[in-house]
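Overview (structure and organization)
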Amino acid sequence: MTLGAFTAFCKSLRHSTYVCQWGGSHVWKIGGKVYAIAGDEDGEITGVSFKVTPIAFHILKEQPGCRGAPHLASRGMKWIQRTSAETKPDDELLTYLRDSYRLVAAGLTKKLQKELGLSPTAPKAFPS
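From a predicted model like this one, the values you see are computed outputs, not experimental measurements.

1. A closer look at the side chain of Lys 29
Mapping Lys 29 onto the fold places it in strand 2 (residues 25-30). For the buried Lys 29, no salt bridge is present, and the opposite-charge side chain at shortest range is Glu 115, 16 Å distant. A distance of 3.5 Å separates a polar atom in the side chain of Lys 29 from a polar atom in the side chain of Gln 21. Sequence-distant contacts of Lys 29, defined by excluding residues within four places in its chain, comprise His 15, Ser 16, Thr 17, Val 19, Gln 21, Val 34 and Tyr 35.

Laid out in C-alpha cells, this is it:
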C-alpha cells in the first residue's frame, strides 16, 4: 500500500486527525486517541499498526506478515502490526483500519463521543 492510499483512507474517516511523531511515524487519531500508525520508505508503507479485538489479536499475531505491534502489544494492548501483504491484502487492511477507528472511538468518553457526533444512536456515526 502506498502512503498516499493509506493517508486518503484515514483522512476519509470522520474527525480523523493526523500528526507525524515518534521519529517520522504517520499517526492517525480520533478524539486525540491513536487508531493507526504507519511507517514508510519512499512513499511505500513498511508497516501499519492498528487496534484489534482480543480474538483478532490472538489470530492475527500468528499470521505471516503480522505480529504484535512493538511498544503496544508488549504492554498488553491489543495492537497488530502488518509488515507485509503476505496474508492480509490491502483491502483487508482497510477493513482492519476502519475497525480500529471504531474500537478507539467507542472507547472515548461519552461526552467526547457526543461532541463528535459519534454516539451509537447518531445517524452515520461510524463509517461503513
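2. Structural notes on the nonpolar core
Counting 29 residues, the largest nonpolar core has Phe 6, Ile 30, Tyr 35, Val 48, Phe 50, Val 52 and Leu 97 as its most contacted members. Contributions of two or more residues to this core are made by helix 1 (3-12), strand 2, strand 3 (33-41), strand 4 (44-51), helix 2 (54-60) and helix 3 (90-106). By residue number, the principal contributor to this core is helix 3, which donates 6 residues. Residues contacting Phe 50, with those up to four places away along its chain left out, are Tyr 35, Leu 60, Lys 78, Trp 79, Ile 80, Arg 82, Leu 93, Tyr 96, Leu 97 and Ser 100. Val 27, Ile 37, Leu 72 and Trp 79 belong to the second largest nonpolar core, which has 5 residues in total.

3. Let's talk about the pattern of salt bridges
Across all of its chains, the model carries 3 salt bridges by this definition. Lys 88 is the partner of Glu 92 in a salt bridge, and the nearest nitrogen-oxygen pair spans 3.4 Å. One salt bridge in this structure joins Arg 102 and Asp 99, with 3.8 Å as the shortest N-O distance. Of the two residues, Arg 102 and Asp 99 both sit in helix 3, 3 residues apart, roughly one turn of that helix.

4. Digging into the confidence of the model for the protein chain
Should the pLDDT be low somewhere, the predicted coordinates at that spot are not to be read in detail. For the protein chain, the mean per-residue pLDDT works out to 89, and 92% of the residues sit at or above 70. No element of the protein chain has a lower mean pLDDT than helix 4 (residues 110-115), which averages 91, and none a higher one than strand 2, which averages 96.

5. So, helix 1
Along helix 1, the residues that are buried comprise Leu 3, Phe 6, Phe 9 and Cys 10. All buried residues of helix 1 lie within an arc of 135° about the axis, which places them on one face of the element. For helix 1, the exposed residues lying more than 90 degrees away from the buried face are Lys 11 and Ser 12. Here the buried face of helix 1 lies against strand 1 (16-21), strand 2, strand 3, strand 4 and helix 3.

Reading the values: the criteria
- Every chain's residues receive numbers from 1 upward, in the order its sequence appears when written.
- Restriction of local features to residues with pLDDT of at least 70 applies here, the model being predicted, together with a cutoff of 80 or more for giving and counting side-chain atom pairs; totals for whole chains, interfaces and linings are based on all residues.
- Side-chain measures were taken over the full set of non-hydrogen atoms in the model, leaving aside hydrogen atoms and water.
- Only runs of H or I of at least four residues qualify as helices and only runs of E of at least two qualify as strands under DSSP, and these elements are numbered from the N terminus.
- Exposure categories follow from relative accessible area, calculated using a 1.4 Å probe and restricted to protein chains: below 20% of the type maximum is buried, above 50% is exposed, and the middle band is partly exposed.
- His is not counted, nor are the chain ends; Lys and Arg add positive charge and Asp and Glu add negative charge.
- Salt bridges are defined as contacts in which a side-chain nitrogen from Lys or Arg sits within 4 Å of a carboxyl oxygen from Asp or Glu.
- A 3.5 Å cut-off defines polar contacts: any pair of N or O atoms within that distance qualifies, except that in protein one atom must be a possible hydrogen donor and the other a possible acceptor, and neighbouring residues in sequence count only when both atoms are side-chain atoms.
- Any two residues whose heavy atoms approach within 4.5 Å are treated as being in contact.
- The term nonpolar core refers to a set of buried residues drawn from Ala, Val, Leu, Ile, Met, Phe, Trp, Tyr and Cys, joined through side-chain atoms within 4.5 Å.
- pLDDT is a residue-level measure of predictor confidence that goes from 0 to 100.
- Taking the helix axis as origin, the arc is that swept by the directions to the C-beta atoms.

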